[in-house]
Amino acid sequence: MQHRAREFATLIVAASVVAFAPSSAAAQAPKDPAMAALYENWQGQINFITKAAEEMTEANYAYKPVATVRSFGELIGHVAGTQDLICAAVLGEKQPAEDAIEKSAKTKAALVAALKASTAHCVKAYNIPAASGTASIDMFGSKSTKFGALTLNAVHDGEHYGNIVTYMRMKGMTPPSSKR
């Protein structure tokens, strides 16, 4: 996964690809064009995840399409926990356990609050100076760069937004990305 993240970082930074992001994201976007492109890609995904988390009913937070996968609530907790871990690494902070939020937050209110807190934490990470983006950091037991970690975060969020879309469709809901 680290190799894939580095490849995505190179593509994103080189091409300055911008994903769907609301105008409020632009106010917090980094001034550096490469960092802004990376931020916008992540922001589009996390905004959709947050809207989905807010729209899903409390009762459906326990929903699992099959017994062998995470519930909707566990998925939201996983995204929040992974964001905290990755963004802490980028910021040079102690990395929390990836599953800390998934194991501790059990209600919709707690999970949405944790997701929003991890997103605010990541806004700081996406606003690091571009010159520090190539600095080496430890991620999941191997070396990466800050650019690589931030790209991994965006890719990871996008991967799980795909899961969220499926869960919502199975519950007869329209996902946020289809409402535009």
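Residues numbered from 1 in each chain as written. Predicted model: local features only at pLDDT ≥ 70, side-chain atom pairs only at ≥ 80, totals over all residues. Heavy atoms only, no water.

Undergrad: Residues and numbers for the side chain of threonine 82, please.
TA: Relative to the helices and strands, threonine 82 resides in helix α4 (residues 72–91). On the basis of relative accessible area, threonine 82 is assigned to the buried category, the value being 2%. Filtering out sequence-adjacent residues up to four positions away, threonine 82 remains in contact with Glu98, Asn153 and His156. (Helix = DSSP H or I, 4+ residues; strand = E, 2+ residues; numbered from the N terminus. Buried < 20%, exposed > 50% of the residue type's maximum accessible area, 1.4 Å probe, protein only. Contact = heavy atoms within 4.5 Å.)

Undergrad: So what's going on with helix α7 (residues 146–170)? Which residues, and what values?
TA: Owing to its 3.6 residues per turn, the α-helix brings residues three or four apart onto one side. In this model, α7 (25 residues) spans 36 Å end to end at C-alpha, consistent with the 36 Å of a helix rising 1.5 Å per residue. Taken from the residues just after α7, glycine 172 is the one with a positive phi, measuring 80°. (Expected span 1.5 Å × (residues − 1).)

Undergrad: Would you mind going over the packing of helix α6 (residues 108–126) against α7 in detail, with residue names and values included?
TA: When two helices pack together, their arrangement is given by the angle between the helix axes and by the axis-to-axis distance. Put simply, α6 and α7 touch, their axes get as near as 11 Å, and they point 140° apart. In this structure, α6 meets α7 at a crossing whose hand is left-handed. Of the residues in α7, those in contact with Cys122, Ala125 and Tyr126 of α6 are Leu150, Asn153 and Ala154. (Axes fitted to C-alpha atoms, helices over the stretch in contact; angles between N-to-C directions. Left-handed = near helix turned anticlockwise from the far one by under 90°.)

By themselves, these are just geometric observations and shouldn't be taken as functional.
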